[in-house]
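Here are the chains, one letter per residue:
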Amino acid sequence: MATQDKHTPPPLPEPLRVPVADSHTHLDMQDTTVEAALAKAASVGVTTLVQVGCDLNGSRWAADTAAAHDAVHAAVALHPNEAPRIVLGDPDGWSRQGAREPGGDAALDAALAEIDALAARPEVRGVGETGLDYFRTGPDGMAAQERSFRAHIEIAKRHGKALVIHDREAHDDVLRILREEGAPDRVVFHCFSGDAAMAEVCAAAGYFMSFAGNVTFKNAQPLRDAVAAAPPELLLVETDAPFLTPAPYRGRANAPYLIPLTLRAMAAVKDMDEDALASAVAANTARAFDY
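First things first, this report covers the structure right here in the doc. It should be emphasised that the depicted structure is a prediction, and the values quoted were computed from it without experimental measurement.

Quick word on the overall build of the chain
Phase 1 of the analysis: Counting secondary structure elements, the chain contains eleven helices and eight strands.
Phase 2 of the analysis: Relative to the compact-globule value of 19 Å for 291 residues, the chain shows a C-alpha radius of gyration of 18 Å, a close match.
Phase 3 of the analysis: Dimensions along the principal axes, computed over C-alpha positions, put the chain at roughly 50 × 40 × 35 Å.
Phase 4 of the analysis: Every one of the 291 residues in the chain was classed for burial, and the buried ones make up 54%.
Phase 5 of the analysis: Element-wise, carbon and sulfur atoms account for 54% of the exposed surface of the chain, whose accessible area totals about 11,900 Å².
Phase 6 of the analysis: One finds the centroid of the 26 positive side-chain charges in the chain at a distance of 2 Å from the centroid of its 41 negative side-chain charges.

Given below as structure tokens:
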């Protein structure tokens, strides 16, 4: 029964009364068409999606998909784990590009130039996900990650786009580099992974904090403490689908239509009316991504 469960899509949640946006999703990694995903999401009150690129192919696809669908906005970037693969090579072909030879700094510069060109497109509302990931990339890849992150900050500022941050086990360095470079006007910490103290630091800087389905996990009390500490006017909600499916469906594929489960969990933590939080989140996402 368990195996069947794993492959059965979770049921549609009760629709939200106030429509919201999924501030971070990967439709290109989901087993669906864009049209079907949008229709299913809209049926429960998730009427806008931010499609996020993690590499050149994904960023091109995000921009083209946003251009074709009014309900989709794009963010483009080289993921923090992508930068070292470009520079140092990826012999195992772990990423979706397959095995790659080392390209050195020149290859990273060429990839960043293409991200820069994509960031100029009107349907691209964000530069990301970029940042630092010390979970998957060891010390050998940190220089490439940091160089890529600093370049993405500059691209976001020059084009006036939101900066979408992937921060995994790297809070202090991410915050330090933002200070050193000067943060763009709009910064979104995607899949916020800090605690209440980190939330207070981000709030003081005016950074948006986007929470994903892992806020519903049993062991995620520090994340719930962060939700409690974050001001309502800086909160966003996301799926990061197909990853981080909210409870009670952890382990199955995530999708934008499951946003109501996470939003309701956040409302409970904040002791806020669901509609009031949805209204805030909808306005915040539009403000963050300038649509």
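We are not done yet, so read on.
Quick word on the packing of helix 3 (residues 56-68) against helix 5 (residues 104-119)
Phase 1 of the analysis: The N-to-C vectors of helix 3 and helix 5 enclose an angle of 10°; their axes lie 11 Å apart at closest approach. Taken as axis vectors, helix 3 and helix 5 run roughly parallel relative to one another. From helix 3, Leu 56, Ser 59, Arg 60 and Ala 63 reach across to helix 5, where they touch Ala 111, Glu 114, Ile 115 and Leu 118.
Phase 2 of the analysis: A breakdown of the residues in the contact of helix 3 with helix 5 according to their chemical character gives five nonpolar, one polar and two charged.

Thoughts on the packing of aromatic side chains
Phase 1 of the analysis: Throughout the structure, instances matching the rule amount to three aromatic pairs.
Phase 2 of the analysis: Look at Phe 189 and Phe 192: their rings are 6.4 Å apart centre to centre, the planes differ by 70°, and that puts the pair in the edge-to-face class. Residue Phe 189 shares its accessibility class with Phe 192, and that shared class is buried.
Phase 3 of the analysis: Judged by centre distance (5.3 Å) and plane angle (50°), the rings of Phe 192 and Phe 211 are tilted. Within this pair, whereas Phe 192 is found in the loop between strand 6 (187-189) and helix 8 (196-205), its partner Phe 211 is found in strand 7 (residues 208-211), the two being separated by 19 residues in sequence. Both residues of the pair, Phe 192 and Phe 211, count as buried.

The rules we used
- Residues numbered from 1 in each chain as written.
- Predicted model: local features only at pLDDT ≥ 70, side-chain atom pairs only at ≥ 80, totals over all residues.
- Heavy atoms only, no water.
- Helix = DSSP H or I, 4+ residues; strand = E, 2+ residues; numbered from the N terminus.
- Rg over C-alpha atoms; globule rule 2.2 N^0.38 Å.
- Buried < 20%, exposed > 50% of the residue type's maximum accessible area, 1.4 Å probe, protein only.
- Areas by Shrake-Rupley, 256 points an atom, 1.4 Å probe, with all protein chains shown as cover.
- Lys, Arg positive; Asp, Glu negative; His and termini not counted.
- Charge placed at Lys NZ, Arg CZ, Asp CG, Glu CD.
- Axes fitted to C-alpha atoms, helices over the stretch in contact; angles between N-to-C directions.
- Parallel < 35°, antiparallel > 145°, perpendicular 65-115°, else oblique.
- Contact = heavy atoms within 4.5 Å.
- Nonpolar A, V, L, I, M, F, W, Y, C, P; charged D, E, K, R; others polar.
- Phe/Tyr/Trp six-rings, centres within 6.5 Å; stacked < 30°, edge-to-face > 60°.

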